[in-house]
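# An overview of the molecular structure
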Amino acid sequence: MSGKRKRVVLTIKDKLDIIKKLEDGGSSKQLAVIYGIGETTVRDIRKNKEKIITYASSSDSTSLLAKRKSMKPSMYEELDRAMLEWFNQQRAKGNPVSGPICAKRAEFFFYALGMDGDFNPSAGWLTRFKQRHSIREINIRNERLNGDETAVEDFCNNFRDFIERENLQPEQIYNADETGLFWKCLPSRTSVIKGKCTVSGYKSVEERVTIMCCANATGLHKLKLCVVGKAKKPRSFKSTDTSNLPVSYFSQKGAWMDLSIFRQWFDKIFVPQVREYLRSKGLQEKAVLLLDNSPTHPNENVLRSDDGQIFAKYLPPNVASLIQPSDQGVIATMKRNYRAGLLQNNLEEGNDLKSFWKKLTLLDALYEVAMAWNLVKPVTISRAWKKIIPTIEEKEGLDFDEEDISLATVATILQHTKGLENVTTENIEKWLEVDSTEPGYEVLTDSEIIRRAQGQTDESSENEEEDIELIPEKHINHAAALQWTENLLDYLEQQGDMILPDRLVIRKLRATIRNKQKMTNSSQ
């Protein structure tokens, strides 16, 4: 007769490891044996996966999660939720959060939530709040303000020591950052308002997506842009498979980045693509992803490859605005390329600007923004790292005098755009910077924090299906595709101004379709 199994209490980190192994195909039976627990416990962990990940993602300390064995709730759960949401937003902005500030805010939310009884936000309450969420950043005294130059120097010195200890090359150091993009926004003669621009008297609706850029410190490995839109299947995608898009596309009802999407991107896109790149360069498959403290970025415990060799590291809140590489001209250059590309396309197609604007679809925008990202030069990205890794700008072959698309270039394009010939330089600058301060995450007001803490959903979420622009898929067979390709090739052959590479691309496409048709016929 076997002895009674010793009771094992798992830490939060153990549970995260089990979740990861389950997602990778591990069986409940095998994991139960490895961790010395019952299969029922493994199934419970699977069932509570999102709750565990959300808890770990909001925590601030890797070491505490490796010790903590429960997610003990506060006796004031609504207050706890409101305070955590508020704290994460303050941290993302780099605002100072001290013990007294935190206590005062807790008292405000307690009464705003209409909670019963007396509440004393004492030092004991603050300590327990910090422990529940593994937070280290709330001090008794005021913290240093956002953009602290001394803190920048301290971080940079520590980071350089870190990459030396880890033996990391610039090719193995990455940064990712999100931004909002008003993709259907064109300039006007008078003014530009967020997402709404007057074009020849036509006012647009606000069209916004979240875009995340990610590249390594050399600028030689740029991952596909990560784009978050509202609709799962936008109308313009038609029968397009999202896996074939020039970007990595996700959907969320507000077109915001969130913890779940970021984690999917890290596990399924970032880690595999970084491994492949480093392997191609003959480098050790080890890398660090430098991030700011956005509320949508999970804790370091969650952002780690199975072998622990590819992982995230966070910028302190009070230095991110000064040194995060993507914010040092990289995202701005991508957006400028995008908007200049839109104008150039309109010019080349000879469209009336209003008609061009009305016909512009999200699919068009995704192809254009992918091209804009491709046009960002490695030197632009390398230069953005000079505050953190100064030696990188000394690398041979990098010309730091090289310019990206300038304001003058955009102005020249506008001079040839009917209806916008007289747009002022000031309005061009406003247009180019219209979404420069747009975060990639949803910023909640106090009232919205309170509603969310009470479990109330936004009214818009009730109509989420309205954002999903599904249309019946149209199946196109090989014969029809081949005929259209033949017709297009005939047309191009008749044009005297078509250059040889254009014809060769279509011929290659025709050969691909013919091969697909043969394979289909042979299998029938």
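Given the structure is predicted, the values throughout are model-derived calculations rather than measurements. Positions within a chain are numbered from 1, following the residues in the order the chain's sequence is written. The predicted nature of this model means local features are confined to residues of pLDDT at least 70 and side-chain atom pairs, given and counted, to a pLDDT of 80 or more, with totals for whole chains, interfaces and linings taken over all residues. With hydrogens and water stripped out, all remaining heavy atoms of the structure feed into the side-chain values.

In space, the six strands of this open sheet follow the order S7-S6-S5-S1-S8-S9, with mixed pairing throughout. Two strands close off the open sheet at either side, each with one partner strand: strand S7 (248–251) and strand S9 (310–314). Averaged over neighbouring strand pairs, the angle between their axes works out to 25° when direction is ignored. One ladder, built from four bridges, connects strand S6 (residues 226–229) with S7; its direction is parallel. Note that in S7 the partner of Gly-229 across the bridge is Ser-251. Relative to S9, helix H9 (residues 149–165) is tilted by about 165°, and along the sheet it contacts strand S1 (173–182), strand S8 (287–291) and S9. Whether two residues are in contact is decided by their heavy atoms: any pair within 4.5 Å suffices. Each axis is a line fitted through C-alpha atoms, taken for helices only over the stretch in contact, and angles between the N-to-C directions span 0 to 180 degrees. Helix and strand definitions here come from DSSP, where helices need a minimum of 4 consecutive H or I residues and strands a minimum of 2 consecutive E residues; each element is numbered from the N-terminal end. Contacts from helix H14 (residues 362–374) reach S1, strand S5 (208–216), S6 and S7 within the one sheet, and its direction differs from that of S5 by about 25°. Note: two strands are recorded as paired if DSSP finds a minimum of 2 bridges between them.

UniProt positions are given in the numbering used here, feature names are shortened, and annotations may be inferred rather than shown by experiment. Listed under "DNA-binding region" (unreviewed entry) in the UniProt record, and renumbered for this structure, are residues 28–48. Note that residues 28–48 is 81% helix and 0% strand, and that its end C-alpha atoms are spaced 14 Å apart.

A word on the pairing of S5. Relative accessibility decides the category of a residue: with a 1.4 Å probe and only protein chains considered, values under 20% of the type maximum give buried, values over 50% give exposed, and everything between is partly exposed. Of all nine residues in S5, nine are buried, a share of seventy percent or more. Of the two faces of S5, both are covered, the one formed by Arg-208, Thr-210, Met-212, Cys-214 and Asn-216 as well as the one formed by Val-209, Ile-211, Cys-213 and Ala-215. Where S1 and S5 come together, nine bridges link them in antiparallel fashion. Bridging from a neighbouring strand, Gly-180 pairs with Thr-210 of S5.

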